Protein chains: 2
Amino acid sequence: MTDSPTTAPAAPAASAGEVLTGYLTRQAGAFLRALPQAVGEAGSRPGSLPASAAGADDLLRAVRRIGGALHTFGTAFDAGWAVEVRTELRWLLDLLATEPGYRRRSVRLLAALDSLADTDAAPGMLAGHAGAPKARALLERQLTLARTRAHSALLQELRSARLHALADRMTLLAGEVPLLAGSARRSPAALRAEAAAAFADLGTAVGRLPLDRTAQPYGGDGLRRLAPVPAEPGGPAGPPSDADAVLAADDRPWHRAGVLLKRARYALEVTGASADGTGAPTGLDELDVILARHHEAADAAAAAAAAARTPRITPATAYVLGVVHADQRLEVEAARYAFGRRWPELPPALAGPAVVPPPAPRTE
Amino acid sequence: MTDSPTTAPAAPAASAGEVLTGYLTRQAGAFLRALPQAVGEAGSRPGSLPASAAGADDLLRAVRRIGGALHTFGTAFDAGWAVEVRTELRWLLDLLATEPGYRRRSVRLLAALDSLADTDAAPGMLAGHAGAPKARALLERQLTLARTRAHSALLQELRSARLHALADRMTLLAGEVPLLAGSARRSPAALRAEAAAAFADLGTAVGRLPLDRTAQPYGGDGLRRLAPVPAEPGGPAGPPSDADAVLAADDRPWHRAGVLLKRARYALEVTGASADGTGAPTGLDELDVILARHHEAADAAAAAAAAARTPRITPATAYVLGVVHADQRLEVEAARYAFGRRWPELPPALAGPAVVPPPAPRTE
């Protein structure tokens, strides 16, 4: 899990093909090294769920980077091949990310509940509340069950023919990157232009975020003033069916920005360039962390809301879950505020003119 | 409800006695003008509860100012007399403030609930949630009942001998302020010294607030890291019995700061001086509004928590009340953050060296 092989700038004289080949073979190699370890971690503890899985983390890391490079620099490859590989990588990504997602949700919700009940230093808002232990037990039970199911699904798929086929593709990629004939000798400037396009996509997505509403702390954006639910494709806009649907619709553009931000980060790794060309940190990592926090808090809030719909819980339990739900939505809001503060600090050369896009029709 | 009679600076040549007499006769006159109007408002609508009561507001205004002046400039009066009058004013203050307090709590909670369900522009976190209408009806019912009871108590006491006796005292005060023999001819500097002492008290109280914990927005101070419950006088410190007790203990130093802030504001009115001696606004009014918001949100949060303990409510109702409770505690936190940002902006001459008191042993 060291960054050095991926962030080392390519030698200045390398062609676009050499840069891409170097990056993808390194990442495919990382994939192949991490895969048996991840399989071992998942399989060696049939009854337990490992709290930390370095192999799975390394595997996820490589999967994300290969998928990102194949997307951002897609013109260098056969389009059908790139789409196929990306589809398979996406499948593995979802598979690998599900159980850690439940684990983080569980850690986050139980920590929130405990800190609302008592911290080391002082009691919290739910100190001594009768519903807190029951809500804790309910959340723990539901999320452990979900983790167990995700783990079983992962175990099964790690032995599947589909995974073996993907591993074979990665073995080929680690040996030779199938560049299109014309693209191998392009200049590195072509890669930089494609990375810039990835940043432009990010800038456009960020331009659609309601950053004006999150400019002040405690604006209540994550709790009170959510974006209207967009009309379903092919259907008229109707009233929201429930709170979850509204929240999901409100969070979606932020999640989308998170995806594009990762893609832009990885594009920067490929070109080995930062805003000023020195390879210095660009703030993108920090923004990535903020949006990951947004995503996790939004998921945790949804899990608390779902737990509150469990039949036959007591009102005291439901009350505590309501507090926890609001607390996690507050984290969502805090992440939006933090993002809105940091985003304008990005080096302008990175974000480019797309940071402040022309006012687009607001469709969401 | 105009500020002009109270905030006009005293003529520079006036003695301390003339300044105090002028202020108190004006305020006693305001009391006597507002009293029949307040009684009429309360009595003329036996079945209804007026949404706005200008007479009661004016009466409260005068009651607060007379009580504040008698406290801050207490050395000018017979101590026994001043304490008696302040006790009676405090009684009337509580009586007058209770019903408007419930009214504001009701408005605040129902507005919060509605904005969590739907705003004009967009849906909120509880959009379409089944518990929202029930929680709304429950809160409305409980707070209307509390208002009605407070109103009946007020009606009864407005006809009491105790009120008539207080009104008689105010009639006397409007005619002649009973200054101690030696205090009448003191220089206005003596008043300024006593006003400075009121500011020093405020500075000491603010110095004990955990402003370091509220320095960053979204610090979770109002929800998660509350101050430990202070030991009961005469008893050992025990675990908190319930969340309400912990919250009340955590909010108490803020409420105390609010009381001292009002007293400092009124002292400034009496001396007719602002920090730079020009009579310009000092920021105290704004801080007063912030702490009033803190108090109201804390009360509203407590009301939501109390409603959640109603027997036989559904889990969905309890869940919504938990969200509303957390939402109001978030308002508490936002008020603390706002206070911590504004307090250092007070003119130093106003707040004096007591703004940064020496580190005192933290007893709460």
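Reading the values: rules and limits
- Sequence order as written defines residue numbering, which begins from 1 separately in each chain.
- To label them, take the chains in the order written and letter them from A, then take the ligands in the order written and number them from 1.
- Residues qualify for local features only when their pLDDT is at least 70, as the model is predicted, and side-chain atom pairs are given and counted only at 80 or more; totals for whole chains, interfaces and linings, by contrast, use all residues.
- Values reported for side chains reflect all heavy atoms of the structure, with hydrogen atoms and water molecules removed beforehand.
- We count a stretch as a helix when DSSP gives it H or I for four or more residues in a row; a strand needs E for two or more, and each element gets its number in order from the N terminus.
- The buried label applies to any residue whose accessible area, calculated with a 1.4 Å probe on protein chains only, is under 20% of its type's maximum; exposed applies above 50%, and partly exposed to all values in between.
- Contacts between residues were defined by any pair of non-hydrogen atoms, one from each residue, lying within 4.5 Å.
- Note on terms: buried area is the combined drop in 1.4 Å-probe accessible area of two parts once they are placed together, counting the loss on both.
- The term salt bridge refers to a side-chain nitrogen of Lys or Arg lying within 4 Å of a carboxyl oxygen of Asp or Glu.
- Nonpolar residues are Ala, Val, Leu, Ile, Met, Phe, Trp, Tyr, Cys and Pro. Charged residues are Asp, Glu, Lys and Arg, and all others, Gly as well, are polar.
- Centres within 6.5 Å are what make two rings of Phe, Tyr or Trp a pair, Trp counting through its six-membered ring; a difference in plane orientation under 30 degrees is then read as stacked, over 60 as edge-to-face, and the rest as tilted.
- A least-squares fit on C-alpha atoms brings the copies together, and the residues used are those whose pLDDT is at least 70 in both copies.
- Remark: nonpolar core denotes a set of buried residues (Ala, Val, Leu, Ile, Met, Phe, Trp, Tyr, Cys) joined through side-chain atoms within 4.5 Å.
- Axis definition: a line fitted to C-alpha atoms, over the contacting stretch in the case of helices. Angles run 0 to 180 degrees between N-to-C directions.
- Oblique is the label for any angle not under 35 degrees, not over 145, and not in the 65 to 115 range, which are roughly parallel, roughly antiparallel and roughly perpendicular in turn.
- Helix span is expected to be 1.5 Å times the residue number reduced by one.

**Q** Sorry if this is basic, but what is going on with the overall build of chain A here?
**A** For chain A, the helix and strand inventory stands at 11 helices and zero strands. Each helix and strand of chain A, placed in order from N terminus to C terminus, yields the pattern α-α-α-α-α-α-α-α-α-α-α. Split into buried and exposed, the 364 residues of chain A put 49% on the buried side.

**Q** How should the interface of chain B and chain A be read in this particular structure?
**A** As a measure of interface size, the accessible area lost when the parts come together is often cited. With 48 residues of chain B in contact, the opposing surface of chain A contributes 49 residues. Summed over both sides, the interface of chain B with chain A buries roughly 3600 Å², with 66% coming from carbon and sulfur. The tally of links from chain B across to chain A stands at zero salt bridges. Counting only elements with at least two residues in the side of chain B that touches chain A, the list comes to helix H4 (79-117), helix H8 (243-271), helix H9 (284-308) and helix H10 (315-342) of chain B. Taken together, the residues of the side of chain B that touches chain A sort by class into 31 nonpolar, 11 polar and six charged.

**Q** Please clarify how the packing of aromatic side chains should be interpreted in this entry.
**A** Remark: the centre distance and the inter-plane angle together describe each pair of aromatic rings, the angle taken between the planes. Scanning all chains against the criterion turns up nine aromatic pairs over all chains. A ring pair is formed by Tyr218 of chain A and Tyr337 of chain B, whose centres lie 5.7 Å apart and whose planes are at 50°; its orientation type is tilted. Linking Tyr218 of chain A in the loop between helix H7 (188-207) and helix H8 (243-271) with Tyr337 of chain B in helix H10, this pair reaches from one chain into another. We note that Tyr218 of chain A, like Tyr337 of chain B, is buried. An aromatic cluster of at least three residues, connected via ring pairs, comprises Tyr218 and Tyr337 of chain A together with Tyr218 and Tyr337 of chain B.

**Q** Just checking my understanding: could you explain the pattern of salt bridges for this structure?
**A** Close approach of charged atoms allows side chains with opposite charge to pair. All names here are of chain A. Applying the stated rule across the entire model yields 39 salt bridges over all chains. As a salt-bridge pair, Asp250 and Arg336 come within 2.7 Å of each other at their nearest N and O atoms. Here Asp250 is found in helix H8, whereas its partner Arg336 is found in helix H10 (residues 315-342), with 86 residues between them in sequence. Of the residues examined, Asp250 reaches a relative accessible area of 2% and is grouped as buried. Residue classification places Arg336 among the buried residues on the basis of a relative accessible area of 0%.

**Q** Explain the relation of the copies chain B and chain A here, please?
**A** Laying chain B over chain A is done by rotating through 180° and shifting 0.0 Å along the axis; what remains is an RMSD of 0.0 Å. Each copy turns onto its partner about a two-fold axis. The residues that chain B uses at the interface reappear at the interface of chain A in 100% of cases, marking a shared surface.

**Q** Help me understand the nonpolar core, please; the structure alone is not making it clear to me.
**A** Soluble globular proteins tend to pack their nonpolar side chains together in the buried interior. In this structure, Leu109, Tyr319 and Leu321 of chain A together with Leu109, Tyr319 and Leu321 of chain B are the most contacted members of the largest nonpolar core, which totals 68 residues. Apart from residues lying up to four places away in sequence, Leu109 of chain B is in contact with Leu139, Leu143, Ala300, Ala303, Ala304, Val324 and Gln328 of chain B.

**Q** It is not clear to me how the packing of helix H5 (residues 131-158) of chain A against H10 of chain A should be interpreted in this structure. Could you clarify?
**A** In a pair of packed helices, the angle between the axes and the distance between the axes together describe the arrangement. Residue and element names in this part refer to chain A. For the pair H5 and H10, the least separation of the axes is 8 Å and the interaxial angle reads 75°. When the axes of H5 and H10 are compared, the pair comes out roughly perpendicular. Listed contacts from H10 to Gly131, Ala132, Lys134, Ala135, Leu138 and Leu139 of H5 are Ala316, Thr317, Val320 and Leu321.

**Q** Hey, could you run me through helix H3 (residues 54-72) of chain B in this one?
**A** Note: α-helices contain 3.6 residues per turn, so residues at a spacing of three or four share the same orientation. Over its 19 residues, H3 of chain B extends 27 Å from the first C-alpha to the last, a length consistent with the 27 Å expected when each residue adds 1.5 Å. The element H3 of chain B is extensively covered by neighbouring structure, given that 14 of its 19 residues are classed as buried.

**Q** Just checking my understanding: could you explain unusual backbone geometry for this structure?
**A** Trans is the common state for peptide bonds, and a negative phi is the common state for residues other than glycine. Phi at Arg312 of chain A is positive, roughly 65°, even though this residue is not glycine. Mapped onto the elements, Arg312 of chain A comes out in the loop between helix H9 (284-307) and H10.

**Q** Teacher, can you tell me more about the environment of Leu173 of chain A here?
**A** Residue and element names in this part refer to chain A. The topology assignment puts Leu173 in helix H6 (residues 161-175). The class of Leu173 is buried, set by a relative accessible area of 2%. In the structure, Leu173 is positioned 145 residues away from Ala28 in sequence and 6.2 Å away in space, judged by C-alpha atoms. When near neighbours in sequence (up to four residues on either side) are disregarded, Leu173 contacts Leu24, Thr25, Ala28, Ile66, Trp81 and Pro178.

**Q** Would you take a moment to explain the side chain of Arg105 of chain A for this structure?
**A** Residues and elements named next belong to chain A. If you trace the backbone, Arg105 turns up in helix H4 (residues 79-117). Note on Arg105: relative accessible area 18%, which makes it buried. Not counting residues within four places of it along the chain, the set of residues in contact with Arg105 comprises Leu143, Asp299, Ala300 and Ala303.

**Q** So what exactly am I meant to see when it comes to H8 of chain A here?
**A** Residues and elements named next belong to chain A. For H8, which comprises 29 residues, the first-to-last C-alpha distance of 43 Å matches the rise-based estimate of 42 Å (1.5 Å per residue) to within 8%. Taken across its 29 residues, H8 has 21 buried, putting it largely inside the fold. A positive phi of about 65° marks Gly272, the residue just after H8.

**Q** Honestly, the packing of H3 of chain B against H8 of chain B in this entry has me stumped. Any pointers?
**A** Residues and elements named next belong to chain B. Where H3 contacts H8, the two axes come as close as 9 Å, and the packing angle between them is 85°. Taken together, H3 and H8 sit at an angle that is classed as roughly perpendicular. Note on element contacts: H8 touches H3 through Lys262, Arg263, Arg265, Tyr266, Ala267, Glu269 and Val270, opposite Arg64, Arg65, Gly68, Ala69, His71 and Thr72. Across the contact of H3 with H8, the residue classes tally to four nonpolar, three polar and six charged.

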